[in-house]
Amino acid sequence: MNAYAPILGLILLAAVFAVGSVAFSVVAGPKRFNRARLDSYECGIEPTPQPVGGGRFPVKYYLTAMTFIIFDIEIIFLYPWAVRFDHLGVFGFVAMVTFIFLITVPFIYEWRRGGLDWD
Amino acid sequence: MIGLSADTNANEIAGFGSDPWWIIAIKVVAIFVLLILLTLFNIVFERKVVARMQHRLGPNRTGPKGWLQSLADGTKLMFKEDIIPKAADKVVYVLAPIVALVPSFLILAVIPMGPEVSIFGTETRLQLTDLPVAVLFTLAIASVGVYGLMLAGWSSGSTYPLLGGLRSTAQVISYELVMGLSFVGVFLFAGTMSTSGIVAEQERLWYGIILLPSFLIYLISMVGETNRAPFDLPEAEGELVAGWGTEYSSFKYAMFFQAEYFNMVNVSAIATTLFLGGWRAPWPISAINDGMFNTGWWPLLWFLGKVVLLIFIFIWLRGTLPRLRYDQFMHFCWKVLLPISLVWIVAVAGMRLAFNEGLERNQILLYGGIVVAVLLIGSLLIPEKKTPAEPEPEEREFDAFAGGHPVPPMPGQEFVAARIPAATTQTDDRTEESSRA
Amino acid sequence: MNAPTIEYAELAPLITIFGAAVIGVLIEAFVPRKVRHPVQVAVALLALVAALVQVILLAGTGMVAAVGAVAVDGPALFLQGTILVLAIISVAFFAERRLEAGGDAFAPAASTLPGSEEERILVRERMLQTEVYPLALFAVGGMLLFPAANDLLMLFIALEVMSLPLYLLCGMARRRRLLSQEAALKYFLLGAFSSAIFLFGMAFVYGYAGTLRFGEISEALTANIGQDGILLAGVGLMAVGLLFKVGAVPFHSWTPDVYQGAPTPVTGFMAACTKLAAFGAMVRLFYVAFGGMRTDWQPMLWAVAIATMLVGAVVALTQTDIKRMLAYSSIAHAGFVLTAMVAADQTATAAILFYLATYGIATLGAFAVVTLVRDSGGEATHLAKWAGLGRRSPVLAATFALFLLAFAGIPLTSGFVGKLSVFTAAIDGGAAPLVVVGVIASAIAAFFYVRVIVLMFFSDPAPEGPTVAVPSLWTAVGITLGAAATLLLGIVPGPLLDLAQQASLFVR
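Since this is a predicted model, take the numbers as computed values, not measurements.

1. With respect to the overall build of chain B
Phase 1 of the analysis: Broken down by element type, chain B carries 16 helices and two strands.
Phase 2 of the analysis: Across the 437 residues in chain B, those meeting the buried criterion constitute 43%.
Phase 3 of the analysis: Excluding contacts between residues fewer than 6 apart, the proportion of contacts in chain B whose partners are at least 24 apart in sequence is 75%.

This is the structure we're talking about:
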């Protein structure tokens, strides 16, 4: 735990700086009420009414996020293997190559089915 | 270079839990000040360098030769009006820049900037702290920073920021993936994830030279991760106003860009540590006087020099390259960088395994060369996918008023003078008739 | 560091099925659309048959493989063999294409919105979706691993590998797509919750015992090293997860909706194979790992068994949809198996294995018959439409009547022998009140089974009633085998009973 204490200190300093800056700018800045400024900016035209919470958005962002999760978990498994690779011998190498292959198969499937396009 | 470094790791990390609190406080404040100063420097540096690349002078009025320009800009922004749009989710709207900014301070906490020095009589290393999983910590903190972008886009209450935030987030996480994969090669060689251990392992040869493909992949993904040119479509001014930052004003806007510049410093620092030997002096200098320039406070100079060099590369890319379209760089990340990274990891692991099992380096290169040759010949033999011949566009007669408004001719159509509408031909007919009659 | 030894020969069935599933995904990626369906069906069936042959060749093994993670012993091999047989018949049902004009029971592309233009175009082009075959193979792989897992972690992984493809398969019906998607979402949400609770319980058990392997947990129980509170909490939470999968009360609410909404071949596959795998895992967990604390979990199982049998039987009385009725009847059957489980000895294991095998065959056959009764809107599942089917197609009605009688436990069907062995094991284990409740529940259940038989044979057919489609060989062979097995096991149950008896020893 001792090794993490300095990080806590840095978090504290950073948070104080960030919150302090925002507070300072709220206090120090002028406040001239102008109804038009409170609308959403759409290059000058009247903003279209939006549903609460943003409404719908294209599903391809969800696909990108899901693919990212899969590969991120693969990376998490790769890190300890790489660090201790010298002790693991041929068995470790073959096991990890099998694992990478098994992740590559759905990647190929997604590529061929167009999950990686348009975005 | 290759060795079982479990013992050295324990020694490397052992010293860090035991610094006295005032040393820790000095280091924390020093990192904070370093980041802010580097950012102020970087902004003006960027404007001046881009200007010189465009044959003009950059800012040269504010302060000596213009170097206080970013300080003036930041102060000006702080005194601007703070607007919160009506449709915004107030809590998240104020929290998002804080969530984007705070993690970007933390990465420098685990970056080694120098070996043992003496501060006010206490021996300590120029590094705030070190963990056995320091690089993983770095990656995790970078991921938390992505939340700031997403929350900013969503909480602004309007579609353009939402879509800009989504696109920016999708880009950042895709390139973060590739960044993570490029670290695996370094771990294979270093045998540790702690940053001081990795710098210690690079004593004889920097990983940027041995693992050149990993280094190049990291350089590319570093530019993509920080939303910098040529990958900066989500925040380019001409494209989406300011993307996810459209509704932000005053210092909150400045905080996002502060976070971006901090991240530039952070990824440069990581590149320096993992690939460029950290605080070690480059070869000719490190050999002088049996490594004199690698002790004391000198390494801080080498470290900062390498970081500024990498930032110069960031700025150089911005000044030179045109912007890539969004689908082009997502295609590049998923379909080019990711497969190359995976293949490279397997190749490096295979070569290291062969070396560990006793194969000579010459034999490894020979076998590796044979495999690459086979793959190249095989890829040449795969038949080209024939693109289907495009159907001939239909020949349609050009109708100047198709659709009720004037249209230009399509490719393949000839321009024919439009038939004048009926209202004006009546007089002509009458004159013709009268002339005939 | 020494490389661990992996007994590839003993793990061959698992490797075959998972390898074939991966090949199925690659076929999806690369094989051109026209030949994809025959290739996928061929690969799936070949892999299942090969795995069945390997399981039969492994008969008699009693060891723990893969560094203590997978058990290859009697109950595991028996259940794996049964699951593979049922899976072969299920995949044949999936491949049936004569019932829907130019299509099978699955939506051409599950990602199109129901009622959209894309869906209409795909139906018109007679597109077939072939992703169901790799998904089914992955589910079968998980089902093979689940009763054989000897390690808490492997148990959880098998649970997830088994469940996730099933969530997807439930949403892919061709007709009544919104109902199907709703069923898939319900199954997914409730299944995810129950998996999370299961994992939580696993963490508690690990905290008590300090180890993940079943044999070592059992030793830790006898040594009584940790605090009992954590152990009881862990066992309770793990039981919640497993009882959900089995469909026992009070975790049964997903069963009627999911069975009704899923495409009927998938319902048959789920009803038969998932229950087998889940009961196999539950019996192994409670007998091998928690056997030493049986006095603690037996009262819980008493309560769950009574509630399950009664709720399943009583609520099925009110159902008007045949798939929901069969779902509630399967809940009741889960209750009957739980009565034998409280006995916690070897005869109980043998009885459970036999009951599960016979129940699986009968359920699969019954759901296959349901696919054959069709009208213009797809399958006619409302009970009123089944009136008078006996007059119009006596063979189908007789087959269905046979399956219903097997469910009811009438003599000369396999269900009777199954119920007899299960109740005998329960009485021998000291759970006579459970058997009394079981007999009462059977009587209630018999009422609604016989009601359907009476409806089919002794009522007048509805004027615009459904027709009975003539299936191709894929379905016909399966139904015939199921009916024959049900009858045969009712008349000569000896060989299967002996096999179950031999296969009932758990390796520790």
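2. Overview of the environment of Leu181 of chain B
Phase 1 of the analysis: Along the polypeptide, Leu181 of chain B turns up in helix α6 (residues 159-190).
Phase 2 of the analysis: Once the C-alpha coordinates of Leu181 of chain B and Ile345 of chain B are considered, the two residues, 164 residues apart in sequence, prove to be 7.9 Å apart.
Phase 3 of the analysis: Leu181 of chain B has contacts with Ile75 of chain A together with Ser341, Leu342 and Ile345 of chain B, leaving out every residue within four places of it along the chain.

3. Section: the interface of chain A and chain B
Phase 1 of the analysis: Listed per partner, the contact involves 54 residues of chain A and 68 residues of chain B.
Phase 2 of the analysis: If one sorts the elements of the side of chain A that touches chain B by residue count, helix α1 (residues 5-28) of chain A sits on top with 16 residues.
Phase 3 of the analysis: For the side of chain A that touches chain B, the residue count by class is 36 nonpolar, ten polar and eight charged.

4. With respect to helix α11 (residues 250-275) of chain B
Residues and elements named next belong to chain B.
Phase 1 of the analysis: Between its first and last C-alpha, α11 extends 38 Å over 26 residues, near the 38 Å set by a 1.5 Å rise per residue.
Phase 2 of the analysis: With 23 of 26 residues buried, α11 lies mostly within the body of the structure.
Phase 3 of the analysis: Looking at the residues trailing α11, positive phi occurs at Gly277, about 80°.

5. A few points about the sheet that holds strand β4 (residues 378-379) of chain C
Residues and elements named next belong to chain C.
Phase 1 of the analysis: What the three strands build is an open sheet, ordered β4-β3-β5; its pairing is antiparallel. Strands with a single pairing partner mark the edges of an open sheet, and in this sheet they are β4 and β5 (467-468).
Phase 2 of the analysis: The strands that helix α14 (residues 346-372) touches are β3 (373-375), β4 and β5; relative to β3, the one it contacts most, it runs at about 25°.

6. Section: the interface of chain C and chain A
Phase 1 of the analysis: If you look at the interface, chain C gives eight residues, while chain A gives ten residues.
Phase 2 of the analysis: Its residues assigned to classes, the side of chain C that touches chain A shows seven nonpolar, no polar and one charged.

7. Regarding the domain arrangement of chain B
Phase 1 of the analysis: Annotation of chain B at the domain level lists domain 1 (21-358) and domain 2 (402-431).
Phase 2 of the analysis: Each of domain 1 of chain B and domain 2 of chain B has a C-alpha centre, and these two points are 61 Å apart.

8. Points about the nonpolar core
Phase 1 of the analysis: Grouped together as the largest cluster of nonpolar side chains are 190 residues, with contacts concentrated most on Ile83, Ala136, Val337 and Ile352 of chain C.
Phase 2 of the analysis: For this core, the element with the most residues is α14 of chain C, which contributes 19 residues.
Phase 3 of the analysis: Beyond its immediate sequence surroundings of up to four residues, Ile83 of chain C is in contact with Val140, Met143, Leu144, Cys273, Leu276 and Ala277 of chain C.
Phase 4 of the analysis: Counting residues in each nonpolar core, the second largest holds 113 residues, with Leu116 of chain A together with Tyr93, Leu162 and Met193 of chain B among its members.

9. Structural notes on the packing of α14 of chain C against helix α17 (residues 414-428) of chain C
All names here are of chain C.
Phase 1 of the analysis: Relative orientation of the contacting elements α14 and α17 amounts to 155°, with a least axis distance of 9 Å. When the interaxial angle is binned, α14 and α17 end up roughly antiparallel. In this structure, the crossing between α14 and α17 has a hand that is left-handed. Side by side, α14 and α17 meet where Thr347, Ala348, Ala351, Phe354, Tyr355, Thr358, Tyr359 and Ala362 of the first sit next to Ser414, Gly415, Gly418, Ser421, Val422, Ala425 and Asp428 of the second.
Phase 2 of the analysis: Grouping the amino acids of the contact of α14 with α17 by side-chain chemistry returns eight nonpolar, six polar and one charged.

10. Some remarks on the pairing of strand β1 (residues 116-119) of chain B
Phase 1 of the analysis: Examined bridge by bridge, β1 of chain B and strand β2 (residues 122-125) of chain B share four bridges and lie antiparallel to one another. Bridge pairing in β2 of chain B places Ser118 of chain B opposite Glu123 of chain B.

11. Re the arrangement of the chains
Phase 1 of the analysis: Contacts are most numerous between chains A and B, considering all two pairs of chains that are in contact.
Phase 2 of the analysis: What separates chain B from chain C at the closest point of their C-alpha atoms is a distance of 13 Å, and the two make no contact.

12. Concerning helix α9 (residues 228-246) of chain C
The α-helix advances 3.6 residues per turn, and as a result positions three or four apart in sequence lie on the same side.
Residue and element names in this part refer to chain C.
Phase 1 of the analysis: A rise of 1.5 Å per residue sets the reference length of α9, with its 19 residues, at 27 Å; its end C-alpha atoms lie 27 Å apart and thus fit the reference within 8%.
Phase 2 of the analysis: Along α9, the residues that are buried comprise Leu231, Gly234, Val235, Leu237, Met238, Ala239, Gly241, Leu242, Leu243, Phe244, Lys245 and Val246.
Phase 3 of the analysis: Elements that come into contact with the buried residues of α9 comprise α7 (177-209), α11 (264-289), α12 (294-316) and α13 (322-341).
Phase 4 of the analysis: Just downstream of α9 lies Gly247, where phi reads positive at about 90°.

13. Overview of unusual backbone geometry
Phase 1 of the analysis: Across the junction of Val249 of chain C and Pro250 of chain C, the peptide omega takes the value 0°, indicating a cis bond.
Phase 2 of the analysis: Mapped onto the elements, Pro250 of chain C comes out in the loop between α9 and α10 (254-261).
Phase 3 of the analysis: A positive phi is found at His55 of chain B, a non-glycine position, where the angle reads about 60°.
Phase 4 of the analysis: Its place among the elements puts His55 of chain B in the loop between α2 (21-53) and α3 (69-78).
Phase 5 of the analysis: Positive phi is not limited to glycine here, since Ala66 of chain C has a value of about 55°.

The rules behind these values
- Throughout this description, residue numbers start from 1 for each chain and increase along the sequence as written.
- Note on labels: chains are lettered from A, ligands numbered from 1, in written order.
- Residues qualify for local features only when their pLDDT is at least 70, as the model is predicted, and side-chain atom pairs are given and counted only at 80 or more; totals for whole chains, interfaces and linings, by contrast, use all residues.
- Each helix corresponds to a stretch of at least 4 residues labelled H or I by DSSP, and each strand to a stretch of at least 2 residues labelled E; elements are numbered beginning at the N terminus.
- Partly exposed residues are those falling between the two cut-offs: more than 12 but fewer than 20 other C-beta atoms within 10 Å of their own, whereas 20 or more means buried and 12 or fewer means exposed, with C-beta atoms placed from the backbone.
- In this description, a residue-residue contact is defined by the distance between C-beta atoms placed from the backbone, which must lie within 7 Å.
- The nonpolar class holds Ala, Val, Leu, Ile, Met, Phe, Trp, Tyr, Cys and Pro. Asp, Glu, Lys and Arg form the charged class, and all remaining residues, Gly among them, are polar.
- Multiplying 1.5 Å by the residue count of a helix minus one yields the expected span of that helix.
- In this analysis, strands are considered paired if DSSP registers two or more bridges between them.
- Structural elements are reduced to axes, namely lines fitted to C-alpha atoms, with helices fitted over the stretch in contact, and the angle between N-to-C directions of any two is expressed from 0 to 180 degrees.
- Boundaries of every domain are those given by an automatic assignment or by a domain database.
- By convention in this section, buried Ala, Val, Leu, Ile, Met, Phe, Trp, Tyr and Cys residues joined through C-beta atoms within 7 Å make up a nonpolar core.
- By the definition adopted for this analysis, an angle is roughly parallel if under 35 degrees, roughly antiparallel if over 145, roughly perpendicular if from 65 to 115, and oblique otherwise.
- The sense of a crossing depends on the near helix, which, turned anticlockwise from the far helix by less than a right angle, makes the crossing left-handed and, turned clockwise, makes it right-handed.

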